[in-house]
Number of protein chains: 2
Amino acid sequence: MPRKSSAADAPLRLDNQICFAVYSAAHAFNRVYKPLLDRLGLTYPQYLVMLVLWERDDVPVKDIGERLFLDSGTLTPLLKRLEAAHLVRRTRSSEDERQVLIALTAQGHALKEKARSVPQSILAASDCSVPELVAMRDEIVALRDRLNAVIGE
Amino acid sequence: MPRKSSAADAPLRLDNQICFAVYSAAHAFNRVYKPLLDRLGLTYPQYLVMLVLWERDDVPVKDIGERLFLDSGTLTPLLKRLEAAHLVRRTRSSEDERQVLIALTAQGHALKEKARSVPQSILAASDCSVPELVAMRDEIVALRDRLNAVIGE
DNA sequence: GCACATTCAATTGCGAACAATTAAATGTGA
DNA sequence: TCACATTTAATTGTTCGCAATTGAATGTGC
């Protein structure tokens, strides 16, 4: 028997999965961002780190990681690339030698001005009203936070 | 002047970004899936490929790529790992020698039964009603499709 | 039939992402 | 004080994800 598609298979159907919706939307965002961020010389994760630093500077790697849900295994090499691009400086804290503080260079600060056009371009690409996007964002954040709550038991 | 947070900066604020909501939710899903998929011996992208194959077998790499929005650079090594795990077979099509057809092995088919408990666990972790999840999924898919439409000019 | 373009998978190189481990600095309790 | 645990980044190794290129097979237009 050729295994006809059955109702019992619905939970395993790709297009029914919310995780795949989220996964594929994340990649779609990445592809839209790519040409915009190329002009800034940033990758998407690097852009996220810069967003954090543009809000507050001179913070330990740990803080950036907590904000972005990333660990040092991801951030250490990424921050070294930003340092090589002269956008940030990495210095050991003198109060606590375990911490490495990340500070923006003048170039890093200046890049913020060039980045201001990015959110507008993304808004246009999403072809969606701001209130709709805000509502979706809040729902997705709430879902993410519930998922993260499960991970910490 | 110490650059106080200003309303002009709102579009660049991390927590205002829907892309970051999606990006961080995708990673949260990945972390919830990890222990469940470890028991199947699969990574999350490998699980997605298996979902595609459990729906329809004996398809070219191209079809899997279109379904998952992934290219051969990602899929070729991933499929070789699934082959090494004896879950799929890779054979050149005889009608069109350019294509490589991916077929499930008996083990690959059998794994579907072990996978049936996964969606239920994810539903529980998301701590959300099915109608809510379905609504969110459809919104996210619609957004993804609009973003993908922009990429193809 | 033949030059040419197109399609498809594979390959190479780079940048995430994370698990697991390491090493150094700091904190804590007896 | 001193043994011990904790915190913090860095490191190593594996797997994605994609751009760019390659090479073989197929399709096409003349």
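The notes below deal with the structure included here. (Residues numbered from 1 in each chain as written. Chains lettered and ligands numbered in written order. Predicted model: local features only at pLDDT ≥ 70, side-chain atom pairs only at ≥ 80, totals over all residues. Heavy atoms only, no water.)

1. Quick notes on the overall build of chain A
1) Next: When helices and strands are tallied, chain A shows seven helices and three strands.
2) Next: Its helices and strands in sequence order give chain A the pattern α-α-β-α-α-β-β-α-α-α, from N to C terminus.
3) Next: Put simply, of all contacts in chain A between residues at least 6 apart along the chain, 48% involve residues at least 24 apart.
4) Next: For chain A, the accessible surface area stands at approximately 8,000 Å², while carbon and sulfur atoms represent 54% of it. (Helix = DSSP H or I, 4+ residues; strand = E, 2+ residues; numbered from the N terminus. Contact = heavy atoms within 4.5 Å. Areas by Shrake-Rupley, 256 points an atom, 1.4 Å probe, with all protein chains shown as cover.)

2. Observations regarding the sheet that holds strand E3 (residues 100–104) of chain B
Residues and elements named next belong to chain B.
1) Next: One open sheet holds the three strands; their spatial order is E1-E3-E2, and the pairing between them is antiparallel. Two strands lie at the open edges of the sheet, namely strand E1 (59–60) and strand E2 (88–92), each paired on one side alone.
2) Next: Of the pairings in the sheet, the one linking E1 to E3 comprises two bridges and is antiparallel in character. Counted as the bridge partner of Val59 is Ile102 from E3. (Pairing = 2+ DSSP bridges.)

3. Examining the interface of chain A and chain B
1) Next: Contacts between chain A and chain B engage 57 residues on the former and 57 residues on the latter.
2) Next: Remark: the boundary between chain A and chain B carries six salt bridges.
3) Next: As a salt-bridge pair, Lys112(B) and Asp9(A) come within 3.0 Å of each other at their nearest N and O atoms.
4) Next: Inspection of the chain A/chain B interface yields 18 residue pairs in polar contact (both at pLDDT 80 or more). (Salt bridge = Lys/Arg side-chain N within 4 Å of Asp/Glu carboxyl O. Polar contact = N/O pair within 3.5 Å; in protein donor to acceptor, adjacent residues only side chain to side chain.)

4. A short note on the sheet that holds strand E3 (residues 100–104) of chain A
Residue and element names in this part refer to chain A.
1) Next: Ordered by their spatial adjacency, three strands build an open sheet running E1-E3-E2, and the pairing between neighbours is antiparallel. Since the sheet does not close on itself, it has two edges, and those belong to strand E1 (59–60) and strand E2 (88–92), each with one partner.
2) Next: Bridging between E2 and E3 involves five bridges; their strand directions are antiparallel. Its bridge partner being in E3, Arg89 is matched across the sheet by Ala103.

5. What about the packing of aromatic side chains?
Residue and element names in this part refer to chain A.
1) Next: Tallied over the full model, the rule gives 14 aromatic pairs over all chains.
2) Next: With centroids separated by 6.4 Å and ring planes inclined at 40°, the aromatic side chains of Tyr44 and Tyr47 adopt a geometry described as tilted. Residue Tyr44 and its partner Tyr47 are both found in helix H2 (residues 44–55); the two are separated by three residues, about one turn of the helix. Summarising the burial analysis for this pair, Tyr44 and Tyr47 share the class buried. (Phe/Tyr/Trp six-rings, centres within 6.5 Å; stacked < 30°, edge-to-face > 60°. Buried < 20%, exposed > 50% of the residue type's maximum accessible area, 1.4 Å probe, protein only.)

6. Remarks on the protein's contact with DNA strand D
1) Next: Around DNA strand D, 29 residues are found, and the nearest of them are Tyr23(A), Arg31(A), Arg90(A), Thr43(B) and Arg81(B).
2) Next: Close to the protein, within 4 Å, the atoms of DNA strand D are drawn from sugar and phosphate at a rate of 77%.
3) Next: Residue Arg31(A) places a side-chain N or O atom 2.6 Å away from a phosphate oxygen belonging to DNA strand D.
4) Next: The side chain of Thr43(B) places a nitrogen or oxygen atom 2.5 Å from a phosphate oxygen of DNA strand D.
5) Next: Mapped by element, the contributors of at least two residues to the surface near DNA strand D are helix H1 (18–38), helix H3 (61–68), helix H4 (72–84) and E2 of chain A together with helix H2 (44–55) and helix H4 (72–84) of chain B.
6) Next: Here the surface near DNA strand D is built from residues that sort into eight nonpolar, nine polar and twelve charged. (Near = heavy atom within 4 Å. Nonpolar A, V, L, I, M, F, W, Y, C, P; charged D, E, K, R; others polar.)

7. So, the protein's contact with DNA strand C
1) Next: Surveying the vicinity of DNA strand C reveals 30 residues, the closest of which are Thr43(A), Gln46(A), Tyr23(B), Lys80(B) and Arg90(B).
2) Next: Backbone atoms, meaning sugar and phosphate, make up 79% of the atoms of DNA strand C lying within 4 Å of the protein.
3) Next: A distance of 2.8 Å is found between a phosphate oxygen of DNA strand C and a side-chain nitrogen or oxygen belonging to Arg81(A).
4) Next: For the surface near DNA strand C, the elements supplying multiple residues, two or more each, are H2 and H4 of chain A together with helix H1 (18–38), helix H3 (61–68), H4 and E2 of chain B.
5) Next: Looking at side-chain class alone, the surface near DNA strand C contains eight nonpolar, nine polar and 13 charged residues.

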